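The lines below spell out each chain.
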Amino acid sequence: MDQQREYRYNNSLLRVRFCDIVEANTDVIVNSDDYLLPMADGLSAYLLEKGGPEIQNDVKKNNHAELGDVVVTTAGKLPHKFIFHCVTVSPNSHFKQVDEDKQEETRSQMEEYVIRHSVSKCFRLLSAMDLESIAIPCIGVRRAGFSFERIGKIMAEVISDFLLKTNKSYRVELCLWDIPERVGLIDYIAFFEQFSLRVPTKSEINHVPEPTIKKTTKEPLPASEFDVFVSYSHLDKEIAEQICSLLSKYGISHWIDHESVRRSDDFKEDIVDAICRSRILLFISSYNSNKSRNTVKEVGLAERKEKVILPVRVDDSSYNKSLEYDLCNRHWIQLKDPNDYEELGRQLNDNIRFYLNRK
């Protein structure tokens, strides 16, 4: 069996390798430890040995983390920019108070939460910190004692989902190697299998149908399908109108609910129908929209209908908690210069065309 497999996800490359993680040429390497972050054994001790005391000094500022959290530190003398420390063990990980017949079920639920939450947060941080590459080990296989099969399945789901939803270029190294060499390549077969199941086929990657250009209209309920539904706060009306002008310029049909729509008796039905008939929900993220109940409902409905959601952040406001639940792993566009709508238009066209051309 080969010790490496490569998988393409849109513009990103993922390598599943049997290798030493410190040799990965990436911006970030990922570690897993308990909530006190002692870096006392396993991969943690190995990284401390290679990277020097600067890592532990930085870790001490962030100890007592919660289960499933990710703590960011320096990589010390290692050539990487950062280490992401996933917390996989805490006092709550033990099952002394759980009936014996329920221990397995409880452990399974805990493992899924920890792996899914920590790996997902690693990739959210990668995007938020504008980094391009990450090397990640088999999370929780040693000290936490998680099963290979469950880790492989959940990590493959989270990583594949992230890479399939963005057209940014990321490089991911999944480094499958136990430092004390207590396990071998054969133990990691589950990882190769799980990613093989989820990687898009060559025909799916290369399938690019001719884009259909539709005439933009402001009627509340179009007779035909739309490319984009625009979700925004009415306090950001001017920004929304400028973005709609950009969509029109690039021949991207869209639907936006003007005040005349809101005054109609069945505007809720119109909103639902328009979201269902659109392929992408474009969420204009701002201080106002992050306080709006309507945008929360629109984004939530788009998520349930499995629509592509593309946030456009026009200021530095954080998502409110309800929106963050649906948007935490979404690739977004940032309006860096309030006066540079031309650049925003190019980014909108590139990103929307990318999603429209997907099968």
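Just so we're clear, the structure is a prediction, and the values are computed from it rather than from any experiment. Note on numbering: residues in each chain are counted from 1, in written sequence order. Only residues with pLDDT of at least 70 get local features here, since the model is predicted, and only at 80 or more are side-chain atom pairs given and counted; chain-wide, interface and lining totals rely on the full set of residues. Calculation of side-chain values draws on the structure's entire complement of heavy atoms; hydrogens and water are dropped beforehand.

Novice: Quick question: what am I supposed to make of the side chain of serine 12 here?
Specialist: The helix and strand labels rest on DSSP assignments: H or I over at least four residues marks a helix, E over at least two residues marks a strand, and numbering proceeds from the N terminus. Relative to the helices and strands, serine 12 is located in strand β2 (residues 12-17). Since its relative accessible area comes to 0%, serine 12 is described here as buried. Only 3.1 Å separates the side chain of serine 12 from the backbone oxygen of lysine 168, close enough to count as a polar contact. Contacts described as polar in this section are N or O atom pairs within 3.5 Å, which, within protein, must combine one atom able to donate a hydrogen with one able to accept it, while residues neighboring in sequence count only if both atoms come from side chains. There is a polar contact of 3.0 Å between the side chain of serine 12 and the backbone nitrogen of tyrosine 170. With sequence-adjacent residues up to four places away left out, serine 12 is seen in contact with Tyr7, Leu163, Lys168, Ser169 and Tyr170. Only protein chains enter the accessibility calculation, which uses a 1.4 Å probe; a residue is then buried when its area is under 20% of its type maximum, exposed when over 50%, and partly exposed in between. Only heavy atoms matter for contacts: two residues are in contact if any of them lie within 4.5 Å across the pair.

Novice: Looking at this model, I keep getting lost on the packing of aromatic side chains. Mind explaining?
Specialist: Aromatic rings considered in pairs are described by the distance between their centres and by the relative angle of their planes. A pair of Phe, Tyr and Trp rings is counted when the ring centres sit within 6.5 Å of each other, with Trp represented by its six-membered ring. The angle between the planes then sorts it: under 30 degrees is stacked, over 60 is edge-to-face, the rest tilted. Scanning the model with the defined rule gives four aromatic pairs in all. Residues phenylalanine 123 and phenylalanine 162 carry aromatic rings whose centres are separated by 5.1 Å and whose planes lie at 50° to one another, so their mutual orientation is tilted. Here the residue phenylalanine 123 occupies a position in helix α3 (residues 100-128), and phenylalanine 162 occupies one in helix α4 (residues 148-164), the gap between them amounting to 39 residues. Note on phenylalanine 162 and tyrosine 170: the rings are 5.3 Å apart at their centroids and 55° apart in plane angle, and the pair reads as tilted. What makes phenylalanine 162 buried here is its relative accessible area of 5%. On the basis of relative accessibility, which here comes to 4%, the residue tyrosine 170 falls in the buried class. Among the aromatic side chains, those forming a connected cluster through ring pairs are Phe123, Phe162 and Tyr170. Only lysine NZ and arginine CZ atoms are considered, and such an atom sits over a ring when it is within 6 Å of the ring centre and within 35 degrees of the ring normal. Taking the ring centre of tyrosine 319 as reference, the NZ or CZ of arginine 313 above it sits at 4.6 Å. A cation over a ring is seen here: arginine 313 above tryptophan 332, with NZ or CZ 4.9 Å from the ring centre.

Novice: Any chance you could explain the packing of helix α9 (residues 267-277) against helix α10 (residues 293-304) here in plain terms?
Specialist: Helix packing geometry: the angle between the two helix axes and the distance between the axes. As a rule, the C-alpha atoms of each element are fitted with a line to give its axis, helices using only the stretch in contact, and angles between N-to-C directions run from 0 to 180 degrees. With their axes 10 Å apart at the nearest point, α9 and α10 run at an angle of 40° to one another. The angle between α9 and α10 falls in the class oblique. In this structure, α9 crosses over α10, and the sense of that crossing is right-handed. Touching Ile271, Val272 and Ile275 of α9 are Glu298, Leu301 and Ala302, all from α10. Of the residues belonging to the contact of α9 with α10, the class tally is five nonpolar, no polar and one charged. Note that the term roughly parallel is reserved for angles under 35 degrees, roughly antiparallel for angles over 145, roughly perpendicular for angles of 65 to 115, and oblique for everything else. Throughout, a crossing is termed right-handed when the near helix is turned clockwise from the far one, and left-handed when it is turned anticlockwise from it by less than a right angle. Here the term charged refers only to Asp, Glu, Lys and Arg, the term nonpolar to Ala, Val, Leu, Ile, Met, Phe, Trp, Tyr, Cys and Pro, and the term polar to all other amino acids, Gly among them.

Novice: Would you mind going over the sheet that holds strand β7 (residues 171-175) with me for this structure?
Specialist: Pairing between the strands of a sheet comes from backbone hydrogen bonds, and it takes one of two forms, parallel or antiparallel. Pairing in this open sheet of seven strands is mixed, and the strands run β1-β2-β7-β6-β3-β5-β4 from one edge to the other. Across the chains shown, the open sheet's two edge strands, defined by having one partner strand only, are β1 (4-9) and β4 (70-74). In this sheet, neighbouring strand axes are inclined to one another by 25° on average, regardless of whether the strands run parallel or antiparallel. Each of β3 (28-34) and β5 (82-89) touches helix α1 (residues 42-51); the most contacted strand, β3, lies at about 130° to it. Only strands that DSSP links by at least two bridges are regarded as paired with each other.

Novice: Whenever I open this one, the pattern of salt bridges confuses me. Can you help?
Specialist: Side chains bearing opposite charge may pair, as long as their charged atoms lie close to each other. By definition here, a salt bridge exists when the distance from a side-chain nitrogen of Lys or Arg to a carboxyl oxygen of Asp or Glu is within 4 Å. By the definition in use, this model includes 13 salt bridges. In this structure, aspartate 27 engages lysine 81 in a salt bridge whose closest nitrogen and oxygen atoms are separated by 3.8 Å. Of this pair, aspartate 27 sits in the loop between β2 and β3 while lysine 81 sits in the loop between β4 and β5, and the two are 54 residues apart along the sequence. In this structure, glutamate 343 engages arginine 346 in a salt bridge whose closest nitrogen and oxygen atoms are separated by 3.0 Å. In this pair, glutamate 343 and arginine 346 are both assigned in helix α12 (residues 341-356), three residues apart and thus about one turn of the helix distant. Of the residues examined, glutamate 343 reaches a relative accessible area of 30% and is grouped as partly exposed. Looking at arginine 346, the relative accessible area reads 41%, which means it is partly exposed.

Novice: What should I look at first to understand the sheet that holds strand β11 (residues 308-313) in this one?
Specialist: Strand order across the open sheet formed by five strands is β9-β8-β10-β11-β12, with parallel pairing between neighbours. Since the sheet does not close on itself, it has two edges, and those belong to β9 (254-256) and β12 (333-334), each with one partner. Inspection of the sheet shows strand β8 (residues 226-231) paired to β9 by three bridges, in the parallel sense. Across the sheet, residue phenylalanine 229 finds its bridge partner in β9, namely tryptophan 255. Packed onto the sheet, α12 meets β8, β10 (278-285), β11 and β12 and runs at close to 150° relative to β10.

Novice: How should I be thinking about the packing of helix α7 (residues 237-249) against α12 in this particular structure?
Specialist: Interaxial distance between α7 and α12 falls to 9 Å at its minimum, and their mutual angle equals 60°. If you check the angle between α7 and α12, you find them oblique. The two elements α7 and α12 cross, and the hand of that crossing is right-handed. Contacts between α7 and α12 involve Ile239, Gln242, Ile243, Leu246, Leu247 and Lys249 from the former and Tyr341, Glu342, Leu344, Gly345, Leu348 and Ile352 from the latter. Among the residues forming the contact of α7 with α12, the class breakdown is eight nonpolar, two polar and two charged.

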